[in-house]
Amino acid sequence: MKRFAYCIENIQFMNAILGVIFHFIGGFASGSFYIPYKKVKGWAWESYWLVGGLFSWLIVPPIAAWLTIPNFTEIISNSDGATLGFAFLFGLLWGIGGLTYGLGVRYLGVSLGSSIILGLCMVFGALIPAIYYQFNPADGKDTMGMLIGTNWGLAVLFGLLVCIIGIIICGRAGMRKEKELTLTGHTATDPHALQEAHVNSSTEEHLSGKDEYKFGLGLLVAIVSGILSACFNFGIEAAKPMANVANELWKAQNPGQGEFLYQNNVSYIIILWGGLTTNLIWCLILNARNKTFSDYTNRKVPLLSNIIFCALAGTTWFLQFFFYGMGESKMGNGPSSWILHMAFIILVANVWGLILKEWKGVSKKTFLTLVFGIVIILVSVLLVGYGNSLR
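Residues numbered from 1 in each chain as written. Predicted model: local features only at pLDDT ≥ 70, side-chain atom pairs only at ≥ 80, totals over all residues. Heavy atoms only, no water.

Thoughts on helix α12 (residues 265-290)
The terminal C-alpha atoms of α12 lie 36 Å apart, and with 26 residues this matches the ideal 38 Å at 1.5 Å per residue to within 8%. Along α12, the helix axis deviates most sharply at isoleucine 271, where the bend reaches about 25°. Phi for lysine 291, located one or two positions after α12, is positive at around 55°. (Helix = DSSP H or I, 4+ residues; strand = E, 2+ residues; numbered from the N terminus. Expected span 1.5 Å × (residues − 1). Bend = angle between axes of the 7 residues up to and from the residue.)

Here you go:
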């Protein structure tokens, strides 16, 4: 009996380790996907974002499902309207959250805006499903009572708190960076910001955000963005009946081999249709407003290489959720998976900032503040992983 219990504990520990690894790979993909866009030449943001998005949201997801889930189209066609509708709706809302991210950054600055939005996205995405299942229990779902009433749950919640502290510290470093670089004549831009001309402001003022800092409005937009950005996790929950069918079919063919790693790939198709809808409409509006429809046919720019880099960026973006699904199959789609996903995104993005020398020219204090924030986020990852090993 003791040997059996030891085996169970060992399996749980290995699942936690594999879950953390898969979430790290997904976070690395998300924190890195924007780099190929830097190689795109002569296109406006809305043009390369849309082309890359077609790969992220329309082309790659069904290919991934086709490669991993036999007859995935039948699972979708046999799903009820409520499952499909809510999955699409949450994808639509998540898309709005992503777009309002740019506005939050515009009104609060890159570091403060990003810190608030990502922090709220992490908290709401991790806790709202647990609160929902507290009042609407379902088999295999973590509830708020489980989180505050068990040792593993408390460890996960403490990891969430520590990660939020790390985000705040990184945000503080970013605010110092913006201030220091502005004083030395350097500016930082937000690639998601609207490309409207502000005729009464100098270029430097517009790029640095001096003429648009509106704390009250920015805070409201950031809160809305943080909540809506968490809707992707809600979409995964809404589409879970489809993932469950894929999981049960695989387990019937592979008895005794655990949970199906790729079960969520069928869910992503519907969720990302919602995200595609939001982003397609907005990018086309910007194409019309900024007169950039010609980007797609402009032979003065390297069209083929632009498309290749956009495809690479879009595919890399999708890989975050491909590996998220693998991590979730090992850890469950409870708070831990979402916390680790967000933590690794923030961690990798900040490390890339260091590698690409985006922090060049800042004071030693600012640099050490960033490093301290990164270390705190790493500690939070260990805490969440440890909490899951206790289950």
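With respect to the pattern of salt bridges
Enumeration over the complete set of coordinates arrives at four salt bridges. A salt bridge links glutamate 328 to lysine 240, with the nearest nitrogen and oxygen atoms 2.7 Å apart. Residue glutamate 328 is located in helix α13 (residues 303-331), and its partner lysine 240 is located in helix α11 (residues 240-253); the two are separated by 88 residues in the primary sequence. No difference in accessibility class separates glutamate 328 from lysine 240, as the two residues are buried. (Salt bridge = Lys/Arg side-chain N within 4 Å of Asp/Glu carboxyl O. Buried < 20%, exposed > 50% of the residue type's maximum accessible area, 1.4 Å probe, protein only.)

Comments concerning a nonpolar patch on the surface
A cluster of nonpolar side chains, Leu58, Ile59, Ile63, Trp66, Leu67, Phe88 and Trp273, forms an exposed patch at the surface whose accessible area comes to about 710 Å². Looking at the nonpolar patch element by element, the count peaks at five residues for helix α2 (residues 45-68). Tracing the chain through its elements places tryptophan 273 in helix α12. (Patch = residues over 30% accessible without salt bridge, like charges linked within 9 Å, V, L, I, M, F, W, Y side chains within 5 Å. Areas by Shrake-Rupley, 256 points an atom, 1.4 Å probe, with all protein chains shown as cover.)

Topic: the side chain of threonine 83
With respect to the helices and strands, the residue threonine 83 is situated in helix α4 (residues 81-108). Of the residues examined, threonine 83 reaches a relative accessible area of 7% and is grouped as buried. Setting aside residues no more than four positions away along its own chain, threonine 83 makes contact with Ala238, Ala239, Pro241 and Met242. (Contact = heavy atoms within 4.5 Å.)

Section: the environment of methionine 144
Among the structural elements, methionine 144 can be located in helix α6 (residues 144-149). Separated by eleven residues in the primary sequence, methionine 144 and tyrosine 133 place their C-alpha atoms 7.7 Å from one another. Once residues within four sequence positions are removed from consideration, methionine 144 is found in contact with Leu127, Ala130, Ile131 and Gln134.

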